Amino acid sequence: MTAAKNIQHNNLDFSLSVTQDAKELSQLLHAFEEMRKELKQSLAKQWQLEEDRKDMTAAIAHDLRTPLTIIHGHTEILVEGSKKDPERLSRYLHTIYTNTQRSIQLLNQLQEVSVIENPGFAVKSEPININTFVHEKANEFQLLCQKKRLHLCRRLVKQKGQTNFTEILSAFLKC
């Protein structure tokens, strides 16, 4: 009876002891033990998938903030009068367009998160050209820095002992 109550309360961290007294009772206990193990494994997988889905949703929502913030900043600058300079207008519109496309891509990814519940789900990695990525981001940050009259150093100096890409980008942004 204790085993049945444990299973009823989702407590699967126990094992059933099999006795040799009555063959039928022993077979029944063995069957229950196998069901318990399978149920525990199935629930653990389901709980992990749910956690992965929550983490992915949170990551996409976080990633969506960056392009929206850039779009907002550039739109704000255009509203304040940068539209009188055709070159600046073109750069700002290009940045807004690029970040709108990125936002749409992130929203599509968010919509596809439900696929994670599919047992055949696999994360797809995509190669990127890091030079192009950093150059595009530097251009976006440069435009934002101009509004605040800040200087953005585009020179990347490798410091001794730096191997982590995050550290390199941090050094780039601190210039």
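Residues numbered from 1 in each chain as written. Predicted model: local features only at pLDDT ≥ 70, side-chain atom pairs only at ≥ 80, totals over all residues. Heavy atoms only, no water.

J.: Go over the overall build of the chain with me, naming the residues and quoting the values.
T.: Helix and strand counts for the chain come out as five helices and zero strands. Overall, the chain shows an N-to-C arrangement of helices and strands of α-α-α-α-α. Counted over contacts in the chain with a minimum sequence separation of 6, partners at least 24 positions apart contribute 58%. For the chain, the accessible surface area stands at approximately 13400 Å², while carbon and sulfur atoms represent 56% of it. (Helix = DSSP H or I, 4+ residues; strand = E, 2+ residues; numbered from the N terminus. Contact = heavy atoms within 4.5 Å. Areas by Shrake-Rupley, 256 points an atom, 1.4 Å probe, with all protein chains shown as cover.)

J.: I'd like to hear about helix 4 (residues 130-147), residue by residue, with values.
T.: If you check helix 4, its first and last C-alpha atoms are 26 Å apart, about what 18 residues at 1.5 Å a residue would give, namely 26 Å. The opening residue of helix 4, the one whose side-chain oxygen lies 3.1 Å from the backbone nitrogen of Thr132, is Asn129. In the stretch just after helix 4, Arg149 is the one whose phi turns positive, near 55°. (Expected span 1.5 Å × (residues − 1). Polar contact = N/O pair within 3.5 Å; in protein donor to acceptor, adjacent residues only side chain to side chain.)

J.: Tell me about the pattern of salt bridges, and please be specific about residues and values.
T.: Under the criterion given, the structure shown has six salt bridges. Arg36 is the partner of Glu33 in a salt bridge, and the nearest nitrogen-oxygen pair spans 2.8 Å. Of this pair, Glu33 and Arg36 both sit in helix 2 (residues 23-79), three residues apart, which is roughly one turn of that helix. For Glu33, a relative accessible area of 7% gives the class buried. In this structure, the salt-bridge partner of Glu34 is Lys37, at a minimum N-O distance of 3.9 Å. With Glu34 and Lys37 both in helix 2 and three residues apart, this pair spans about one turn of that helix. Residue classification places Glu34 among the partly exposed positions, given a relative accessible area of 33%. (Salt bridge = Lys/Arg side-chain N within 4 Å of Asp/Glu carboxyl O. Buried < 20%, exposed > 50% of the residue type's maximum accessible area, 1.4 Å probe, protein only.)

J.: Account for the side chain of Asn99, naming residues and giving values.
T.: With respect to the helices and strands, Asn99 occurs in helix 3 (residues 86-111). Asn99 sits in the buried class, given a relative accessible area of 1%. Engagement of the side chain of Asn99 in a polar contact is seen with the side chain of Glu140, the distance being 3.2 Å. When residues no more than four places from it in sequence are discounted, the contact partners of Asn99 are Pro67, Ile70, Ile71, Lys137 and Glu140.

J.: Tell me about the packing of aromatic side chains, and please be specific about residues and values.
T.: Under the counting rule described, the total for this entry stands at zero aromatic pairs. Taking NZ or CZ as reference, Arg36 lies 5.3 Å from the ring centre of Phe14, over its face. (Phe/Tyr/Trp six-rings, centres within 6.5 Å; stacked < 30°, edge-to-face > 60°. Lys NZ or Arg CZ within 6 Å of the ring centre and 35° of its normal.)

J.: Any chance you could break down a nonpolar patch on the surface for me, citing the residues and the numbers?
T.: Together, Leu25, Leu28, Phe32 and Met35 make up a nonpolar patch on the protein surface, roughly 380 Å² of accessible area in all. Examined against the element boundaries, Met35 turns out to sit in helix 2. (Patch = residues over 30% accessible without salt bridge, like charges linked within 9 Å, V, L, I, M, F, W, Y side chains within 5 Å.)

J.: Explain the nonpolar core to me, and be specific about the residues and the numbers.
T.: Formed by Ile71, Ile77, Leu78, Tyr92, Ile96 and Leu143, the largest nonpolar core amounts to six residues. Among the secondary structure elements, those contributing two or more residues to this core are helix 2 and helix 3. Contact partners of Tyr92, with chain neighbours within four places excluded, come to His74, Ile77, Leu78, Leu143 and Gln146. (Core = buried A, V, L, I, M, F, W, Y, C linked by side-chain atoms within 4.5 Å.)

J.: Any details on the environment of Ile70? Residues and values, ideally.
T.: Structurally, Ile70 can be placed in helix 2. For Ile70, a relative accessible area of 2% corresponds to the buried category. Each C-alpha atom, one on Ile70 and one on Thr95, is 8.0 Å from the other, the two residues being 25 residues apart in sequence.

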